[in-house]
Amino acid sequence: FPSDEFRWTVMALVGISLVGTFLWDRIVTAIFAPVIFKAMLDEARATTLKDCFPAFKTAGKIALGLFVFTSGNPIVWIGAFMWWRRSRNAAAKKQEEESAARLAKLEAENPTLSKDSDTTAPRPTASGPGTGVAQQAPQVAGRKLQPRRKP
């Protein structure tokens, strides 16, 4: 930009254009699709700050990332990477613990899901021609047997 005054003028025009486009869209929706506009208003009224928190969190992460990369300090970059890796590993560990707890709860509710049960054995089903269920290939030591090919 040639000057700060020109830059602020352009930024103001872009902002006004953005707001005007949003308002025009809502006016046209209210005129030509009042049912949809009413639904939009109902949803807007039902929105709480808690619903907006994920968007604020994402914006904060973007701002922090811009700060880190525009700082020009490699020590800050390394520190940010180490923090990210530590938080990622903590989140993975938490998810693994939650999965284990969920599995333990399911096993407690249904004892047939215990680890000691033989899950590799074929389950008896009505299969074959006319039943709509494909026949299960026989297994030996966990491997499916393939039929011999005729010469």
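Now for a look at the structure at hand. (Residues numbered from 1 in each chain as written. Predicted model: local features only at pLDDT ≥ 70, side-chain atom pairs only at ≥ 80, totals over all residues. Heavy atoms only, no water.)

Examining the packing of helix α1 (residues 4-32) against helix α2 (residues 34-46)
Angle between the axes and distance between the axes are the two parameters that describe a pair of packed helices. Their axes nearest at 5 Å, the elements α1 and α2 cross at an angle of 125°. Judged on the interaxial angle alone, α2 and α1 are oblique. Where α1 abuts α2, its residues R26, T29, A30, I31 and F32 lie against P34, I36, F37 and M40. Considered class by class, the residues forming the contact of α1 with α2 number seven nonpolar, one polar and one charged. (Axes fitted to C-alpha atoms, helices over the stretch in contact; angles between N-to-C directions. Helix = DSSP H or I, 4+ residues; strand = E, 2+ residues; numbered from the N terminus. Parallel < 35°, antiparallel > 145°, perpendicular 65-115°, else oblique. Contact = heavy atoms within 4.5 Å. Nonpolar A, V, L, I, M, F, W, Y, C, P; charged D, E, K, R; others polar.)

Structural notes on the environment of G65
Looking at the secondary structure, you find G65 in helix α3 (residues 49-70). What makes G65 partly exposed here is its relative accessible area of 24%. Separated by 12 residues in sequence, G65 and W77 have C-alpha atoms that sit 9.5 Å apart. (Buried < 20%, exposed > 50% of the residue type's maximum accessible area, 1.4 Å probe, protein only.)

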